[in-house]
Amino acid sequence: MTFLIFGISLMKTGTRSKPIHTTKRCYVNLSQLPYTLPESTKFEIVDMDGDDKKDIVTLFGQGNEGIFILYQKENLDFAVEQVIQLSPEFGSSWFELLDYENDGDLDIVLTNGDNADYSIFLKPYHGIRLYVNDGTNTFNETWFYPLYGASRVLAEDFDLDGDIDFAVTALFNDSQNAPEEGFIYLENLNSMQFEFQAYTLKGDFTNGWLTMEKGDYDADGDQDIMLGTFKVQGVRKKSSYFGAAKIDPTKLLFLENKSNQGKRVE
Ligand SMILES: [Ca+2]
Ligand SMILES: [Ca+2]
Ligand SMILES: [Ca+2]
Ligand SMILES: [Ca+2]
C-alpha cells in the first residue's frame, strides 16, 4: 500500500483565553484498592464482561504499571482487576483495544517507549506487544516487535485486505542511527503467523513522532493518518541518543492512504 505524505510546518502557537468545553465531573470509587495508581495515560469505556454495564480499561504508566479493568457494579462502584502486570521501568505509553483474530473478544496492543525519566538510554525491550484475550479477559503476550521509544499504536485494516495492520510512532527513537523509525507502518502479511512487513516514511523526516490519529479525512473509504511531534531544540540534552539529530521543522504530517484510490465514497 502507499501513503502520500503532506508535511505541515507550524511557526508559532496561538493563545486561548477560554476553555473549549466544560465537563460534569464524575468520581469513580477506587477505595478497595490497596495502593494508589499514578498516571492513567489512556482509557477506553467498553463492556468487557458482557453484563451490559460499561467498564473502564485503563493503562497506568508508573508504579504498579500495567493494564487494569474496572468492572462496573452498582452505583458507580467498580471492581478493579489488573490484567497485565508490567515493570515500573517498562515505559508503557499507549494501548488500543482490538479483536485481532476476529473471535469476538477484545485483545490489547500496547506500546512501551517512554524514556524521559532517570535511566535514559536505548532500551531493547521497547516496542509493540500484542496481548491476546483467551475469552475470560486473561491476556497472553503473543507477539513483540521491538522499536526504540515506541509512543503510540493504531490498529486498523489500513490496506483493506481483511486483517489488522499497525501504525506506530516513536518519540524517543534512535535518532542517530535510525531517525526514520520515528514512524513505522506494519502491514500484516500473515495474521496467524504474526508476519509483518515494516515501512518507514519516504523523505528526510528526522523527528520522532509522538501523537497520531486516524480518520478518513478525504472520505474515500480508507483510514488516513495524522502525525504530530514534540521534538524541539534542546530537548534530551542528557543523552546523545536523543539530542544529536537534526530538528525537522515539520510538526504535523498528514499521510493520505491510497489503498482505496479511485473509489471515493459519497
Ligand atoms: Ca461490564
Ligand atoms: Ca480477540
Ligand atoms: Ca490489512
Ligand atoms: Ca481516506
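Residues numbered from 1 in each chain as written. Chains lettered and ligands numbered in written order. Predicted model: local features only at pLDDT ≥ 70, side-chain atom pairs only at ≥ 80, totals over all residues.

A word on the overall build of the chain
Okay, step 1: Check the secondary structure of the chain and you find one helix and 16 strands.
Okay, step 2: When the 266 residues of the chain are sorted by exposure, 33% land in the buried category.
Okay, step 3: Taking the intrachain contacts of the chain between residues at least 6 apart in sequence as the baseline, contacts between residues at least 24 apart amount to 50%. (Helix = DSSP H or I, 4+ residues; strand = E, 2+ residues; numbered from the N terminus. Buried ≥ 20, exposed ≤ 12 C-beta atoms within 10 Å, placed from the backbone. Contact = placed C-beta atoms within 7 Å.)

Looking at the sheet that holds strand 10 (residues 150-156)
Remark on secondary structure: sheet strands pair via backbone hydrogen bonds, oriented parallel or antiparallel.
Okay, step 1: Reading across the sheet, the four strands line up as 10-11-12-13 and stay open at both edges, with antiparallel pairing between neighbours. For this open sheet the edge positions go to strand 10 and strand 13 (195-199), each flanked by a neighbour on one side alone. Across the sheet, the mean angle from the axis of one strand to that of its neighbour is 25 degrees, orientation sign disregarded.
Okay, step 2: Pairing of strand 12 (residues 183-190) with strand 13 involves five bridges; the strand directions are antiparallel. In the strand pairing of strand 13, Glu187 is matched with Gln197. (Pairing = 2+ DSSP bridges. Axes fitted to C-alpha atoms, helices over the stretch in contact; angles between N-to-C directions.)

Quick notes on unusual backbone geometry
Okay, step 1: With phi around 55 degrees, Asn75 is a residue other than glycine that occupies positive phi space.
Okay, step 2: Asn75 sits in the exposed class, given 6 other C-beta atoms within 10 Å.
Okay, step 3: Here Phe194, not a glycine, exhibits a phi torsion of approximately 55 degrees, which is positive.
Okay, step 4: By secondary structure assignment, the location of Phe194 is in the loop between strand 12 and strand 13.
Okay, step 5: When the 14 C-beta atoms within 10 Å are taken as the criterion, Phe194 is described as partly exposed.

Shape is all these values report; function is a separate question.
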